[in-house]
Each structure stands twice: as structure tokens, then as C-alpha cells.
Amino acid sequence: MKTIANYSVSMEILKRYERRAKKHFGQNFMIDPSVVRNIATYSGEGGTVLEIGPGLGALTQQLAERYDRVIAYEIDPHMVEILKETLEDYDNVEIIYQDFLKADLSAFKEPITICANLPYYITTPILFKLMELDIIAMTILVQKEISDRLTAHPQTKEYSALSIQMQYYFDIKTVMKVSKESFHPRPNVESSVIKFVPREHSLPYDEQTFFTFVKKCFQFRRKTLVNNLKTIDKEVNYAEILESLGLDPSIRADYLTLDDYVRLYGALYA
Ligand code: SAM
């Protein structure tokens, strides 16, 4: 059994099928076997794993070696055709030819593990789509910029509404850095593998509405928090409310922790 995550093997497959990596589908294939093996090992083993974007099957192959069942969504019909050959020896892999963002995930009733090298052009929408699932753990490879945002702390330029929301649901850790040379074609930026493990969470408010509020607070990053809040309701004296919570009225949105946002939301709407 040939390892697919290998430069010459991947090149030979693409050449034989007369295909090239498609930029519009975010196709950067992993060609470093040790990186791919490490990602699969970080992910875990046993049970069912869900992959988004199997491509030529580099990661899928390693997952199929470790898990009882692999379910993988691929948008590109040419990749689906190739996967029939590259993964023909694995009867525990199911390829679904579909745009993952349009997938009906209601059939996934059991908690599930996720492992993927995500297409960079839709990383955030895919993350939000994955929130529909009951996740055991999620190991994903993303561009460094996204991993920095997902793991960012307050008072850094990477800290955003996305950091707050994802860190509310998960403990998120960068487990590995991956260089551009590990891909074909080479992306312009470095990447990281991050692992998400669900954490205990509860909010006294509707989560969706609360996180929409947090997003509004970050709408214009250069503006102060008060000025962002004014876009919600210009009549409210937000400066006074911030002061009553012991917060400086001239701060920007990135100064507040999740707890601060919970207190602010409570003061405004509870
Ligand atoms: N897993 C392979 C690897 O690591 O070598 C390929 C990863 S490549 C970064 C992203 C893959 O996601 C491509 O195969 C691409 O065709 C697929 N893809 C892009 N958009 C998708 C979508 N909306 N739904 C499912 N797959 C998608």
C-alpha cells in the first residue's frame, strides 16, 4: 500500500488523471508523510471520524488506518473519481460527493470526531457548520492566521469575536506548526494544526443572540467599544454602563474577556 502523502506519489496521480490542484477549491495537498501521520495520531483512533475535503486521500488514508469508519465530504468530482482508486483498499471509508456547507448533518446523531486539512477559503464557515454536530474532539489544519485568531487572548490584535465564541465552546491548543513545504502547491503562508476539545459551558442567555452581540462589539476594530455599541442603539449611555461594571469607557472591544461580555450583556439586556 503506497503512502499517498508523498510528493512523487501525489504528482504521479495528478498526472495520470490529467488534473492540477484547483485554487478555487483551496486545494493544497499534503505531501509530507510524517506531518500527515502526526495529524492523524493527534486526532486519535477508534469509532467514526469525519473529514472535510479528502483531496487525493493523503489524510483519509491515515485516518482509515486508525478509525473504524471514515466519512469524508469532497466538493470536487475529479477528486471523488481519484479517491475511488487511491482508497480502494479501505472498505471503512465513505466518500460523500457534496459541498460540506450544504450538507444535512441531522443524520449524525452520535458524538463524532473531526479531522481535516480545511480549504482555507471557507475555514470559518466550515467551523460554524461543524458547530451543528456533537463533537468529541476536532483536529484541524488551518492557516496560521486562523489558528492565531482561534487561540488568541484579550488585548492582542488577533483576539476577535471568533476567538471568544470558539473558546467558549472548546479548549483550543496549537499542537503542531506546518511549513509551506509540506504542501503541493505551496501556500503563501505557514499553517498550524489545532486541537479542539469541548469544555463545560453555560450562559444565562440565548447563545446565538449573545454571540451576535459580541460580533457587533468588534464590528469596527479601530473604534472604541462605546462607538461600536452606539450602532446597536445610539440613545443608550454605554459609557456609564461600562463604568458601572468597573470598565474604562474608552476601551476597545479586544480588552474584554468572555466574562466581561457576559456582565455587559447582563447589564444591558437582563
Ligand atoms: N485532505 C487533502 C490533503 O490534506 O492533502 C486535501 C486538503 S485541501 C487543503 C482541501 C480539500 O477540500 C480539497 O480537496 C477541496 O477540493 C476540498 N473542498 C473545498 N471546498 C469544499 C467544500 N465546500 N466541501 C467539501 N470539500 C471541499
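Residues numbered from 1 in each chain as written. Predicted model: local features only at pLDDT ≥ 70, side-chain atom pairs only at ≥ 80, totals over all residues. Heavy atoms only, no water.

(A) Geometry of helix H8 (residues 207–217). Listed as buried for H8 are Phe210, Phe211, Phe213, Val214 and Cys217. Along H8, the residues classed as buried sweep out an arc of 150° about the axis, all on the same side. Exposed and facing more than 90 degrees away from the buried side of H8 are Gln208 and Lys215. As for H8, its buried residues are in contact with helix H7 (161–169), helix H9 (225–230) and helix H11 (258–269). (Buried < 20%, exposed > 50% of the residue type's maximum accessible area, 1.4 Å probe, protein only. Helix = DSSP H or I, 4+ residues; strand = E, 2+ residues; numbered from the N terminus. Arc of directions from axis to C-beta. Contact = heavy atoms within 4.5 Å.)

(B) Broad picture of the domain arrangement of the protein. Each domain of the protein was delimited in the assignment, giving domain 1 (7–198) and domain 2 (207–269). Relative placement of domain 1 and domain 2: their C-alpha centres are 34 Å apart. Taken together, the contacts link 11 residues of domain 1 with 12 residues of domain 2. A buried area of about 1,000 Å², summed over both sides, lies between domain 1 and domain 2, and 63% of it is on carbon and sulfur atoms. At the surface where domain 1 touches domain 2, the tally comes to 6 residue pairs in polar contact (both at pLDDT 80 or more). The class makeup of the residues in the side of domain 1 that touches domain 2 is 6 nonpolar, 4 polar and 1 charged. (Domains from an automatic or database assignment. Buried area = accessible area lost by both parts, 1.4 Å probe. Polar contact = N/O pair within 3.5 Å; in protein donor to acceptor, adjacent residues only side chain to side chain. Nonpolar A, V, L, I, M, F, W, Y, C, P; charged D, E, K, R; others polar.)

(C) Structural view of the site of the ligand. For the ligand, the set of nearby residues contains 22 residues, the closest of which are Met30, Gly53, Glu74, Asp99 and Tyr121. In the environment of the ligand, a nitrogen atom lies 3.3 Å from a nitrogen or oxygen atom belonging to the backbone of isoleucine 75. About the coverage of the ligand: the protein hides 99% of its 590 Å² of free accessible area. Among the residues forming the shell around the ligand, the class breakdown is 11 nonpolar, 7 polar and 4 charged. (Near = heavy atom within 4 Å. Areas by Shrake-Rupley, 256 points an atom, 1.4 Å probe, with all protein chains shown as cover.)

(D) Here's a closer look at the packing of aromatic side chains. Within this structure, the stated rule accounts for 13 aromatic pairs. With a centroid separation of 5.2 Å and 70° between ring planes, the pair formed by tyrosine 73 and phenylalanine 100 is classed as edge-to-face. Taken together, the residues tyrosine 73 in strand S3 (residues 69–74) and phenylalanine 100 in the loop between strand S4 (93–97) and strand S5 (112–117) connect sequence positions 27 residues apart. In this pair, the class of tyrosine 73 matches that of phenylalanine 100, namely buried. Their ring planes at 80° and their centres at 5.4 Å tell us that phenylalanine 210 and tyrosine 265 sit as a pair that is edge-to-face. One end of the pair, phenylalanine 210, is in helix H8; the other, tyrosine 265, is in helix H11, and 55 residues separate them in sequence. Of the two residues examined, phenylalanine 210 and tyrosine 265, each falls in the buried class. An aromatic cluster of three or more residues is present, and its members are Tyr168, Tyr169, Tyr205, Phe210, Phe211, Phe213, Tyr265 and Tyr269. Above the plane of the ring of phenylalanine 220 lies lysine 223, whose end atom (NZ or CZ) is 4.6 Å from the centre. (Phe/Tyr/Trp six-rings, centres within 6.5 Å; stacked < 30°, edge-to-face > 60°. Lys NZ or Arg CZ within 6 Å of the ring centre and 35° of its normal.)

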